[in-house]
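# Report on the structure
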Amino acid sequence: MNKENQGTQRQKYSEKEAARVFDQEFMPHVNSMYNFAYRLTFDEDDAKDLVQDTYLKAFRFINSFEQGTNAKAWLFRILKNSFINEFRKKSKQPAKVDYNEVESYYNSDDVDESITTDLRVETVQHMIGDEITLAMNSIPVDFRTVIILSDLEGFTYEEMSKILDIPIGTVRSRLHRARNMLKEKLSSYAKEMGYNK
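Residues numbered from 1 in each chain as written. Predicted model: local features only at pLDDT ≥ 70, side-chain atom pairs only at ≥ 80, totals over all residues. Heavy atoms only, no water.

## Some points on the pattern of salt bridges
Once the charged atoms of two side chains with opposite charge are near each other, the side chains can pair. The full count for this structure, using the stated rule, is five salt bridges. The partner of Arg 39 in a salt bridge is Glu 153, and the shortest N-O contact between them spans 3.8 Å. With Arg 39 in helix H2 (residues 30-41) and Glu 153 in the loop between helix H8 (141-152) and helix H9 (157-164), the pair connects residues that are 114 residues apart, well separated along the chain. On the basis of relative accessible area, Arg 39 is assigned to the partly exposed category, the value being 28%. A salt bridge links Asp 53 to Lys 57, with the nearest nitrogen and oxygen atoms 3.2 Å apart. With Asp 53 and Lys 57 both in helix H3 (residues 44-60) and four residues apart, this pair spans about one turn of that helix. (Salt bridge = Lys/Arg side-chain N within 4 Å of Asp/Glu carboxyl O. Helix = DSSP H or I, 4+ residues; strand = E, 2+ residues; numbered from the N terminus. Buried < 20%, exposed > 50% of the residue type's maximum accessible area, 1.4 Å probe, protein only.)

Laid out in structure tokens, this is it:
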């Protein structure tokens, strides 16, 4: 018995239909995809690469997409899986530093010695005003992902379940725990800002 007879039939698009589906169903979500990718990676270039990889896979496997279903959820699932696969790949590789580049920079006449200390002060000053982002970034990626999908992207529990490939009960549990983590991390900040329980 082949796969097509087992209940999931693949759509067969002509080149023209595939291009239309890509342009009309997938491309309108490019900004949401980038925002999600950036919140996962914290790096503009990595986020752009992740979105590009997602759209390449979406086009490559466009016959797996069933018209009339939620294209945004389908794309988010591809992006999430790509992020996880890339994260696993990177976590197995040791960190890389180009020591020649660092050495040549610090040995050059152009180096401003005051930059090193000022940079630390500047970084701390920048972080003080961004407590919410810091709190979001400090929670584990599984919990951060459900907050992003639910509270920032507006997905339903059912859609999140499909994107993350987990049961709805797990989605609800993670979301509850993620919100509690954020609440805990932001409680002292809220008090400093004048909000009381």
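## Some words on the layout of surface pockets
The computed volume of the second largest pocket comes to approximately 300 Å³. Considering the residues around the second largest pocket, the lining is formed by 13 residues, among which Thr 41, Asp 46, Phe 83, Glu 86 and Lys 90 are closest to the centre. For the lining of the second largest pocket, the secondary-structure elements that each account for two or more residues are H2, H3, helix H4 (71-91) and H8. If you tally residues by element for the lining of the second largest pocket, the top one is H4, at five residues. Among the residues forming the lining of the second largest pocket, the class breakdown is five nonpolar, two polar and six charged. (1 Å grid on protein atoms, 1.4 Å probe; cavity = no way out; pocket = protein on both sides within 12 Å on 5 of 7 lines; lining within 4 Å. Points joined across faces, edges and corners; volume = space filled by probe spheres on them. Nonpolar A, V, L, I, M, F, W, Y, C, P; charged D, E, K, R; others polar.)

## Looking at the confidence of the model for the protein chain
In the predicted model, the protein chain carries a mean pLDDT of 80, and the fraction of residues at 70 or more is 74%. The secondary-structure element of the protein chain with the lowest mean pLDDT is helix H6 (residues 114-128), recorded at 41, while H3 shows the highest, at 95. Here residues 1-8 scores under 50 on pLDDT; set against residues more than four positions off or in separate chains, the count is three contacts. (pLDDT = per-residue confidence, 0-100. Contact = heavy atoms within 4.5 Å.)

## Here's the deal with the side chain of Thr 145
Looking at the secondary structure, you find Thr 145 in helix H8. Taking the relative accessible area as the measure of exposure, Thr 145 reaches 6% and is therefore buried. Residues in contact with Thr 145, not counting those within four places in the same chain, are Phe 36, Leu 40 and Leu 164.

## Describing the packing of aromatic side chains
Taken as a whole, this structure holds nine aromatic pairs when the rule is applied. Taking 5.7 Å as the distance between ring centres and 80° as the angle between the ring planes, the aromatic pair formed by Phe 22 and Tyr 55 counts as edge-to-face. Of this pair, Phe 22 sits in helix H1 (residues 15-26) while Tyr 55 sits in helix H3, placing them 33 residues apart in sequence. Between Tyr 34 and Tyr 38, the aromatic rings sit 6.2 Å apart at their centres with planes inclined by 25°, giving stacked as the arrangement. (Phe/Tyr/Trp six-rings, centres within 6.5 Å; stacked < 30°, edge-to-face > 60°.)

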